[in-house]
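# Fold and geometry: a report
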Amino acid sequence: MRLGYFTMPLHPLHRDTTETLHEDRQTILFADQLGFYDAFVGEHLTDKAENVTNSLIFLATLIAETRHIKLGSGTSNLSHSHPTLLASQAAMFDHLAKGRFIFGISPGALSSDAEALGILDQDRNQMFAEAIDVILAIWDREPPYNIDFENNRYKVTTQTTSVPAIGRGQMMKPFQKPYPEIVGTVVAPFSKGVIAMGKRNFHPMSANFLLPHWLNSHWDNYKEGKTSVQQTASPADWRVARTIFVSDDAATAKRYGREDADSPYRYYYRQMLTKMMMSKRHVIFKKNMEEDDSHVTLDRLLDELVIAGTVDEVVDQILALRAQVGPFGEIVYAGMDLVDSALGRRSMELMAHEVMPRVNQALGLGSAINVEASSA
């Protein structure tokens, strides 16, 4: 099993933007030093708490200072830009990173982003589907492209202005061939989008704020998509994000991971509960589809969704999760605001150097931090 990192990020509103942006940079640099396999960074245009507005720009600042970690957009919101822009920018990033790039994609879920862009009344899932078709066509075809798919709003050609002799009218293709790994973040239980991922060989990442009992619905749908195109789904391609805090002692884990009023985990889930309730997407926090909203409380979310404890306790909780949902290829550690930077960094250190080797050893895979195994 591999160890990844994902941050939205999500910071308290009173914190300085410059400070938090650089804090998030330093955290990923630290993840690289610790041996994390990859790091995904989210983006939003209109959220003060989640203040990375363009994941590719942010990640570009990390290329020269990291050595091994793969850098993933988490995600590029495809409804926000014309696919020609995203295809060209992602391809250039892939060259700058010399292949240490994962193209994370989604429609873009934040309604205030959509309103600011004037697309609040449009079907962003449809825009997403149309955009990815065009991006892949740009990477596959040669100039002048002449992309004109039926029922697709995006038409791309350089037919009129192309001058091949001087390179005009030609768009960049990615460094990785035919293109980088494409990962889609999945939130909703029974998401039909995961079926489409399976069909297209995109890889799912299940969100860290989804209750564990919904996770199997993602894997089942991914397998369905793979089966429909006569392929076999590999657990190595499934990422499961979780909210994790590892401490040297149980009392600190309980306090910082759940109970303290200033706990970054408590703040995170207070924000997520408010946002999901507002957008009517809080089914992800329910035991079943019909459960009454009154049962969805902050304390229950912390109990159900935060894996917190000593090294031994966290190892046991991850192995229990794996027994519950079956094999998956990567556990993705969700980044939090560093209320206490020493505790936050120590948690990542323990996760990489103590927890993951023990988890992989318990699974019969040796004691490395990252293990590639189709059945792991």
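What comes next is a walk through the structure. (Residues numbered from 1 in each chain as written. Predicted model: local features only at pLDDT ≥ 70, side-chain atom pairs only at ≥ 80, totals over all residues. Heavy atoms only, no water.)

This next bit is on the pairing of strand β10 (residues 330-334). Burial of β10 is extensive: five of the five residues sit out of reach of the surface. What you see with β10 is no split at all: E330, V332 and A334 on one side and I331 and Y333 on the other are buried throughout. Bridge count for strand β1 (residues 2-7) against β10 is five bridges, and the pairing is parallel. Across the sheet, the residue bridging to R2 is E330, located in β10. (Buried < 20%, exposed > 50% of the residue type's maximum accessible area, 1.4 Å probe, protein only. Helix = DSSP H or I, 4+ residues; strand = E, 2+ residues; numbered from the N terminus. Pairing = 2+ DSSP bridges.)

Next up on the list: the nonpolar core. Ranked by size, the top nonpolar core spans 114 residues in total, and within it F36, F103, F209, Y269, F285 and M351 carry the most contacts. With 10 residues, helix α5 (residues 124-140) is the largest single contributor of residues to this core. Ignoring anything within four residues of it in the chain, the contact list for F209 reads M8, V187, Y268, Y269, M272, M276, I284, F285 and L305. (Core = buried A, V, L, I, M, F, W, Y, C linked by side-chain atoms within 4.5 Å. Contact = heavy atoms within 4.5 Å.)

This part covers the side chain of S206. Relative to the assigned elements, S206 resides in strand β7 (residues 203-206). Overall, the relative accessible area of 0% leaves S206 in the buried class. Within the structure, S206 has its side chain in polar contact with the side chain of H218 (distance 2.8 Å). Beyond its immediate stretch of four places on either side in the chain, S206 contacts V186, L215, H218, W238, R239, V240 and A241. (Polar contact = N/O pair within 3.5 Å; in protein donor to acceptor, adjacent residues only side chain to side chain.)

Turning our eyes to something else, we now look at the packing of helix α1 (residues 17-34) against helix α12 (residues 341-362). Put simply, α1 and α12 touch, their axes get as near as 10 Å, and they point 25 degrees apart. Accordingly, the angle class assigned to the pair α1 and α12 is roughly parallel. For the pair α1 and α12, the sense of crossing is right-handed. Residues Q26, T27, F30, A31 and L34 of α1 form the contact with α12, whose own contacting residues are R345, M348, E349, A352 and H353. The residue makeup of the contact of α1 with α12, split by class, is five nonpolar, three polar and two charged. (Axes fitted to C-alpha atoms, helices over the stretch in contact; angles between N-to-C directions. Parallel < 35°, antiparallel > 145°, perpendicular 65-115°, else oblique. Left-handed = near helix turned anticlockwise from the far one by under 90°. Nonpolar A, V, L, I, M, F, W, Y, C, P; charged D, E, K, R; others polar.)

Right, let's get into the pattern of salt bridges. Inspection of every chain in the model, using the stated rule, returns 25 salt bridges. The shortest N-O distance in the salt bridge between D47 and K275 comes to 2.7 Å. Of the two residues, D47 is situated in the loop between β2 (38-41) and α2 (55-60) and K275 in helix α9 (residues 264-278); the sequence distance between them amounts to 228 residues. A residue is classified by how much of its surface remains accessible, and D47, at 14% relative accessible area, is buried. Here K275 falls in the partly exposed class, since its relative accessible area comes to 21%. (Salt bridge = Lys/Arg side-chain N within 4 Å of Asp/Glu carboxyl O.)

What follows is about helix α7 (residues 215-228). With 14 residues, α7 should cover 20 Å at 1.5 Å per step; its first-to-last C-alpha distance of 21 Å lies within 8% of that length. Residues of α7 that are buried make contact with β6 (181-186), α6 (193-200), β7, β8 (239-246) and α11 (311-325). The first or second residue beyond α7 is Q230, which carries a positive phi of 60 degrees. (Expected span 1.5 Å × (residues − 1).)

Let us now look at the packing of aromatic side chains. Going through the model one piece at a time under the given rule, you end up with 15 aromatic pairs. Here the aromatic rings of W219 and Y222 are separated by 5.9 Å at their centres, their planes lie at 35 degrees, and the arrangement is tilted. Of the two residues, W219 and Y222 both sit in helix α7, three residues apart, roughly one turn of that helix. Grouping residues by exposure puts W219 and Y222 together as buried. Seen from their ring centres, W219 and W238 are 5.4 Å apart, and the 15 degrees between their planes marks the pair as stacked. A residue pair is termed long-range when its members are at least 10 positions apart, and W219 in helix α7 and W238 in the loop between α7 and β8 qualify at 19 residues. On the accessibility criterion, W219 (10% relative accessible area) is buried. For W238, a relative accessible area of 0% corresponds to the buried category. (Phe/Tyr/Trp six-rings, centres within 6.5 Å; stacked < 30°, edge-to-face > 60°.)

Right, let's talk about unusual backbone geometry for a bit. At the junction of M8 and P9, the peptide bond is cis and its omega measures out at -20 degrees in the coordinates. As for its placement among the helices and strands, P9 is situated in the loop between β1 and α1. Each neighbour pair has its own omega, and for G74 with T75 the value is 20 degrees, a cis peptide bond. Along the chain, T75 falls in the loop between β3 (70-73) and β4 (76-77).

Position of W214 relative to the elements: it lies in the loop between β7 and α7. Taking relative accessible area as the criterion, W214 reaches 6% and is therefore assigned buried.

Of the two faces of strand β9 (residues 306-309), the one carrying V306 and A308 and the one carrying I307 and G309 are both buried. Pairing of β8 with β9 involves four bridges; the strand directions are parallel. Its bridge partner lying in β9, T243 is registered against V306.

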